[in-house]
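# Observations on chain architecture
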Amino acid sequence: MNKNKDFLSVLSDKYKEEFFADANGNIRRELDKTGILVLPNFLSTIALRKLQEEASSLKEKAYKSESVYNIYVLPEDKKFTTNSPRNRKFTTTKSCVPEDQIPKNSILRKIYNAGAFRGFISKVERLTQIFPYADKLSSININYYNSGDSLEWHFDNADFVITLLIKKPEEGGLYEYFSNIRYDDKGNEDYEKLSKILDGEIEPQRIVMNEGDLIIFRGNKSLHRVTNVEAGERILVTFNYNTKQGVPLSEKSRMTFFGRIE
């Protein structure tokens, strides 16, 4: 109960216990329809300011990474050309603070560990329960995108991703996506449409994220990216849960994003 009180205390006034109790209703229907749920002004003004200060103080501990991948984040398939949607390469750069660097009394932990929050996520995703990652690095991450950094086109491996924008860049850093675009009507990978998207022939949907906004996104079927940050910095928190207990993030991913496995 205390964890839930601590959780509710850092939220803006519009988010009360009654809001999270409605996860089976209109909130879930909206997520089912669009694949994305935006909870604007999720944090109180005071909580947002504290998190901005905390994120700024932790930035010197962030690990700078560069990853090269195709949109499926899978090994190259020799049956396809290098320029096909299956194999075309993109490069993402960012810096990341892993969970074990985040203070024990952080507001981020109050949100992540609250039963009300986990129950809400479980209900909208039709899950019995969700779990933290088994390793000490991956459950809560603070991601920094400086000028020139971006998160390029990809599908997520996880069924859903939860993000909280802490700081908005002055220019660039736009969230772009194509909802439920991965498969055609027959359930096959829709390489033809994906090729047009990657060639810039189809206009994406965009979300203007503001500081303090929380998003739940089903990215395993929806292609998405964050465009190049042109000025200022973008600071984004990811709350990462697993549908099974005792599962760590892969060692390869931990080395890529954190520069260590423990």
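Please read all numbers here as calculations on a predicted model, not as lab measurements. (Residues numbered from 1 in each chain as written. Predicted model: local features only at pLDDT ≥ 70, side-chain atom pairs only at ≥ 80, totals over all residues. Heavy atoms only, no water.)

A tally of helices and strands in the protein yields eight helices and 13 strands. Reported as C-alpha extents along the three principal axes, the dimensions of the protein are approximately 55 × 40 × 40 Å. Counting over 262 residues, the protein shows a buried share of 50%. Summed over its atoms, the accessible surface of the protein is roughly 13,200 Å², and 47% of this surface lies on carbon and sulfur atoms. Of note, the protein has its 40 positive side-chain charges centred 4 Å away from the centre of its 38 negative side-chain charges. (Helix = DSSP H or I, 4+ residues; strand = E, 2+ residues; numbered from the N terminus. Buried < 20%, exposed > 50% of the residue type's maximum accessible area, 1.4 Å probe, protein only. Areas by Shrake-Rupley, 256 points an atom, 1.4 Å probe, with all protein chains shown as cover. Lys, Arg positive; Asp, Glu negative; His and termini not counted. Charge placed at Lys NZ, Arg CZ, Asp CG, Glu CD.)

We now examine the sheet that holds strand β8 (residues 175–178). Read from one edge to the other, the open sheet built from four strands follows the order β5-β11-β8-β9, with strand pairing classed as antiparallel. Looking along the sheet, the strands with just one partner apiece sit at the ends: β5 (151–154) and β9 (205–207). If you compare each strand with its neighbour and ignore which way they point, the axes differ by 15° on average. Sheet topology note: the β5/strand β11 (residues 223–226) ladder contains two bridges and is antiparallel. Residue L151 lies in a different strand from β11, and its bridge partner there is V226. (Pairing = 2+ DSSP bridges. Axes fitted to C-alpha atoms, helices over the stretch in contact; angles between N-to-C directions.)

On to the layout of surface pockets. Taken as a whole, the largest pocket spans an internal volume of roughly 1,300 Å³. Considering the residues around the largest pocket, the lining is formed by 48 residues, among which H154, D156, N157, S253 and F257 are closest to the centre. The element best represented in the lining of the largest pocket is helix α8 (residues 251–258), accounting for five residues. Among the residues forming the lining of the largest pocket, the class breakdown is 26 nonpolar, 16 polar and six charged. Considered as a void within the structure, the second largest pocket measures approximately 190 Å³ in volume. For the second largest pocket, the full set of lining residues is L31, D32, G35, E125, L127, D159, F160, N180, R218, N220 and K221. (1 Å grid on protein atoms, 1.4 Å probe; cavity = no way out; pocket = protein on both sides within 12 Å on 5 of 7 lines; lining within 4 Å. Points joined across faces, edges and corners; volume = space filled by probe spheres on them. Nonpolar A, V, L, I, M, F, W, Y, C, P; charged D, E, K, R; others polar.)

On to the packing of aromatic side chains, then. Counted according to the given criterion, the structure contains 20 aromatic pairs. Relative to F42, the ring of F7 lies with its centre 6.5 Å away and its plane at 45°, an arrangement referred to as tilted. Remark: F42 occurs in the loop between β1 (36–39) and α4 (45–58) and F7 occurs in helix α1 (residues 2–9); sequence separation between them is 35 residues. By the burial criterion, F7 is buried, and F42 matches it. When the ring of F19 is compared with that of F120, the centres are 5.8 Å apart and the planes differ by 35°; the resulting orientation is tilted. Highlighted residues: F19 in helix α2 (residues 17–21) and F120 in helix α6 (residues 115–124), separated in sequence by 101 residues. F120 sits in the buried class, given a relative accessible area of 1%. By way of ring pairs, the aromatic residues F7, Y15, F19, F20, F42, Y112, F117, F120, F239 and Y241 are connected into one cluster. Geometry around Y145 places R234 over its ring, the cationic atom sitting 5.8 Å from the centre. (Phe/Tyr/Trp six-rings, centres within 6.5 Å; stacked < 30°, edge-to-face > 60°. Lys NZ or Arg CZ within 6 Å of the ring centre and 35° of its normal.)

Read from one edge of the open sheet, seven strands run β1-β10-β6-β13-β4-β3-β2, paired in antiparallel fashion. Edge strands, defined here as strands with exactly one partner in the open sheet, are β1 and β2 (63–69). Between one strand axis and the next, the sheet turns by 30° as a mean value, whatever way the strands run. The sheet contacts of α6 involve β1, β6 (161–167) and β10 (214–217), and relative to β10 the element is tilted by about 35°. (Contact = heavy atoms within 4.5 Å.)

One pass over the full model with this rule turns up 15 salt bridges. Close ionic contact of K64 with D149 constitutes a salt bridge, the shortest N to O distance being 2.8 Å. On the criterion of sequence distance, the pair formed by K64 in strand β2 and D149 in the loop between β4 (140–145) and β5 is long-range, its members being 85 residues apart. The class for K64 is partly exposed, based on a relative accessible area of 44%. Overall, the relative accessible area of 4% leaves D149 in the buried class. Where R225 meets E176, a salt bridge forms, and the shortest distance between an N and an O atom there is 2.9 Å. (Salt bridge = Lys/Arg side-chain N within 4 Å of Asp/Glu carboxyl O.)

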